[in-house]
Amino acid sequence: MANVLKHLPELEGMELGYIQGILKDMNDEQASLFSQVYRARRKDSQMVLILTLIGFFGFAGLHRFILGQIGLGILYLLTVGLCFIGTIVDLVNYKSLAYEYNLKVAHETLSLMSMSTDLKKGYSDESN
């Protein structure tokens, strides 16, 4: 059982609990690989907050582009953050926006790891 705080000490709140549940069945090597990939791809909630604030003062939708929501980013850009209402809502909900994105990244990272493991098993089976 891998210690989540050893591998990802920057996590907090619901994200910490969720990732701890993912890492509980992994050994240290797997947890280290997961944490490296996850850390590189996750978005910090403070960065989402800063980008949302920048959007409030002129470039609306930057945070949506960073979170992979290209359509909403374009919509916010063209409508000035849906007349500032959408940007204000996102200022209030910036932590949940980052959390939802990070959950998606965690699932993608797990599937990448399982595909990698399956490929290694298939390659070692063929060589025997």
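Residues numbered from 1 in each chain as written. Predicted model: local features only at pLDDT ≥ 70, side-chain atom pairs only at ≥ 80, totals over all residues. Heavy atoms only, no water.

Teacher, can you tell me more about the overall build of the protein here?
Looking only at helices and strands, the protein features 9 helices and 0 strands. Each helix (α) and strand (β) of the protein, taken in turn from the N terminus, gives the series α-α-α-α-α-α-α-α-α. Taking 128 residues into account, the globule formula puts the C-alpha radius of gyration at 14 Å, and the protein, at 18 Å, lies well above it. For the C-alpha atoms alone, the extent of the protein along its principal axes is close to 65 × 30 × 15 Å. Taken over 128 residues, the protein has a buried fraction of 34%. Taking contacts inside the protein between residues at least 6 apart in sequence as the whole, the part at least 24 apart equals 62%. With an accessible surface of roughly 7900 Å², the protein has 64% of that area assigned to carbon and sulfur atoms. Positive and negative side-chain charges in the protein, numbering 11 and 13 respectively, have mean positions lying 4 Å apart. (Helix = DSSP H or I, 4+ residues; strand = E, 2+ residues; numbered from the N terminus. Rg over C-alpha atoms; globule rule 2.2 N^0.38 Å. Buried < 20%, exposed > 50% of the residue type's maximum accessible area, 1.4 Å probe, protein only. Contact = heavy atoms within 4.5 Å. Areas by Shrake-Rupley, 256 points an atom, 1.4 Å probe, with all protein chains shown as cover. Lys, Arg positive; Asp, Glu negative; His and termini not counted. Charge placed at Lys NZ, Arg CZ, Asp CG, Glu CD.)

Looking at this structure, I do not really get unusual backbone geometry. What am I missing?
Keep in mind that most residues, glycine aside, have a negative phi and that most peptide bonds are trans. Even without being glycine, V80 reaches a positive phi, approximately 55 degrees. Structurally, V80 is set in helix α7 (residues 80–83).

What exactly am I supposed to notice about the environment of S35 here?
Mapping S35 onto the fold places it in helix α3 (residues 28–41). With a relative accessible area of 3%, S35 lands in the buried category. For the pair S35 and I19, spaced 16 residues apart in the sequence, the C-alpha separation amounts to 9.4 Å. If sequence neighbours within four positions are ignored, S35 has contacts with H7 and L8. Separated by 2.9 Å, the side chain of S35 and the backbone oxygen of S32 make a polar contact. (Polar contact = N/O pair within 3.5 Å; in protein donor to acceptor, adjacent residues only side chain to side chain.)

Could you clarify how one ought to interpret the nonpolar core in this entry?
Across soluble globular proteins, nonpolar side chains have a tendency to be buried as a group. Membership of the largest hydrophobic core comes to 21 residues, with the highest contact counts inside it found for I19, L23, M26, F34 and Y38. In terms of residue count, the dominant contributor to this core is helix α9 (residues 94–127) (7 residues). (Core = buried A, V, L, I, M, F, W, Y, C linked by side-chain atoms within 4.5 Å.)

Would you mind going over α3 with me for this structure?
Given 3.6 residues per turn, any residue in an α-helix points the same way as the ones three and four places further on. Taking 1.5 Å of rise per residue, the 14 residues of α3 would be expected to cover 20 Å, and the 20 Å separating its terminal C-alpha atoms lies within 8% of that figure. Along α3, the positions that sit buried rather than exposed are A31, F34, S35 and Y38. Within α3, the buried residues cover an arc of 100 degrees as seen down the axis, which keeps them to one side. Pointing more than 90 degrees away from the buried face of α3 are the exposed residues E29, Q36 and A40. Measuring from the side-chain oxygen of the N-cap residue of α3 to the backbone nitrogen of E29 gives 3.1 Å; that N-cap residue is N27. (Expected span 1.5 Å × (residues − 1). Arc of directions from axis to C-beta.)

What exactly am I supposed to notice about the packing of helix α2 (residues 13–23) against α3 here?
The relative placement of two packed helices comes down to the angle between their axes together with the axis-to-axis distance. Look at α2 against α3: their axes get within 11 Å of each other, and the N-to-C directions meet at 140 degrees. On the basis of their axis angle, the class for α2 and α3 is oblique. Note that α2 runs across α3; the crossing there is right-handed. Two secondary-structure elements touch here, α2 through E15, I19, I22 and L23 and α3 through A31, F34 and Y38. Grouping the amino acids of the contact of α2 with α3 by side-chain chemistry returns 6 nonpolar, no polar and 1 charged. (Axes fitted to C-alpha atoms, helices over the stretch in contact; angles between N-to-C directions. Parallel < 35°, antiparallel > 145°, perpendicular 65-115°, else oblique. Left-handed = near helix turned anticlockwise from the far one by under 90°. Nonpolar A, V, L, I, M, F, W, Y, C, P; charged D, E, K, R; others polar.)

Fair warning: the whole summary comes from geometry, so function is off the table for now.
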